[in-house]
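# Residue-level structure breakdown
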Amino acid sequence: MKILVIEARYYESISEDLLQGALAKLQAADAEIVKVNVPGALEIPHVISYAEKAGAGYDGYVALGCVIRGETTHYDYVCAESARALMDLAVDHQLAIGNGIITVENETQAIARSKPDQKDKGGFAASAVIRMIQLRDELNKS
Ligand SMILES: Nc1c(NC[C@H](O)[C@H](O)[C@H](O)CO)[nH]c(=O)[nH]c1=O
Ligand SMILES: CC(=O)[C@@H](O)COP(=O)(O)O
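The text that follows walks through the structure, step by step, so that each part is easy to find. All values reported here derive from a predicted model rather than from experimental measurement. (Residues numbered from 1 in each chain as written. Chains lettered and ligands numbered in written order. Predicted model: local features only at pLDDT ≥ 70, side-chain atom pairs only at ≥ 80, totals over all residues. Heavy atoms only, no water.)

### Brief notes about the site of ligand 1
What counts is decided by this rule: Near residues are defined by distance, with any heavy atom within 4 Å of the molecule or strand qualifying the residue. Distance and chemistry together define a polar contact, namely a pair of N or O atoms within 3.5 Å, with one atom able to donate a hydrogen and the other to accept it when in protein, and with adjacent residues in sequence counting only for side-chain atoms on both sides. Values of accessible area rely on a 1.4 Å probe in the Shrake-Rupley scheme; residue burial ignores everything except the protein chains shown. Going along the chain from the N terminus, every DSSP run of H or I of four or more residues is numbered as a helix, and every run of E of two or more is numbered as a strand.
With respect to spatial proximity, the complete set of residues near ligand 1 consists of Tyr10, Tyr11, Gly40, Ala41, Leu42, Glu43, Cys66, Val67, Ile68, His74 and Val78. Contact distances for ligand 1 include 3.5 Å between an oxygen atom and a backbone N or O atom of Gly40. Ile68 places a polar main-chain atom, nitrogen or oxygen, 3.2 Å from an oxygen atom of ligand 1. Relative to its unbound accessible surface of 430 Å², ligand 1 loses 76% to contact with the protein. Those elements that provide at least two residues to the shell around ligand 1 are β3 (60–68) and α3 (74–93). Broken down by element, the shell around ligand 1 gets its largest block of residues, 3 residues, from β3.

### Points about the site of ligand 2
What counts, and what does not: All residues other than Ala, Val, Leu, Ile, Met, Phe, Trp, Tyr, Cys, Pro, Asp, Glu, Lys and Arg, Gly among them, are scored as polar; the first ten of these are nonpolar and the last four charged.
Surveying the vicinity of ligand 2 reveals the residues Tyr10, Val67, Ile68, Gly70, Glu71, Thr72, His74 and Tyr75. Contacts to ligand 2 include Glu71, whose backbone N or O atom sits 2.7 Å from an oxygen atom. When the free accessible area of ligand 2 is taken as 330 Å², the share hidden by the protein chains comes to 73%. Elements supplying a minimum of two residues to the shell around ligand 2: β3 and α3. In the shell around ligand 2, the residues fall into 4 nonpolar, 3 polar and 1 charged.

### Brief notes about the packing of helix α1 (residues 12–28) against helix α4 (residues 107–114)
To keep it simple, the criterion reads: Axes, fitted as lines to C-alpha atoms, cover a helix only where it is in contact. Angles between the N-to-C directions of the axes lie from 0 to 180 degrees. Roughly parallel means an angle under 35 degrees; roughly antiparallel means over 145; roughly perpendicular covers 65 to 115; every other angle is labelled oblique. The sense of a crossing depends on the near helix, which, turned anticlockwise from the far helix by less than a right angle, makes the crossing left-handed and, turned clockwise, makes it right-handed. In this analysis, two residues are considered to be in contact whenever any of their non-hydrogen atoms come within 4.5 Å of each other.
Running from amino to carboxyl end, α1 crosses α4 at an angle of 20 degrees, the nearest separation of the two axes being 9 Å. If you check the angle between α1 and α4, you find them roughly parallel. α1 and α4 meet at a crossing whose hand is left-handed. Of the residues in α4, those in contact with Ile14, Asp17 and Leu18 of α1 are Ala110, Ile111, Arg113 and Ser114. Broken down by class, the residue content of the contact of α1 with α4 amounts to 4 nonpolar, 1 polar and 2 charged.

Written out as structure tokens, the structure is:
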């Protein structure tokens, strides 16, 4: 299976941990992996839309990012809109998308969720997209 990993490397070290967790799972599944990065979480859904429009032939997508609450309401919009857009793409277009965009209150929470040897949210998102590809294929054959 061919997987596009889309990273919003807004926080460099957090992003790297999310990526390593995701790559471990994808490599274990012998996936063909393509990686791209975007400025922030809000731009991740755009790439999926572009790839699908272009007929790029990805079996699934892993979205990786970290959104940490600041002083204003921008956090709420970045979290809600990126999640909503990914969900709409997945459901409306039958796409396999693993959402590894962590939305947290502070850096401590982000570290705990990004590290592969802790909560490994990047790895979980990769495992999710692998399973959804399998499930979609099974349903298409039934
Ligand atoms: N504050 C965070 C952002 N903000 C940037 C937006 O995602 C977007 O790139 C900008 O509004 C331009 O369209 N992005 C993150 O990934 N994480 C944050 O904590
Ligand atoms: C989650 C964000 O967009 C955040 O970086 C914005 O910070 P602030 O609300 O302090 O401008």
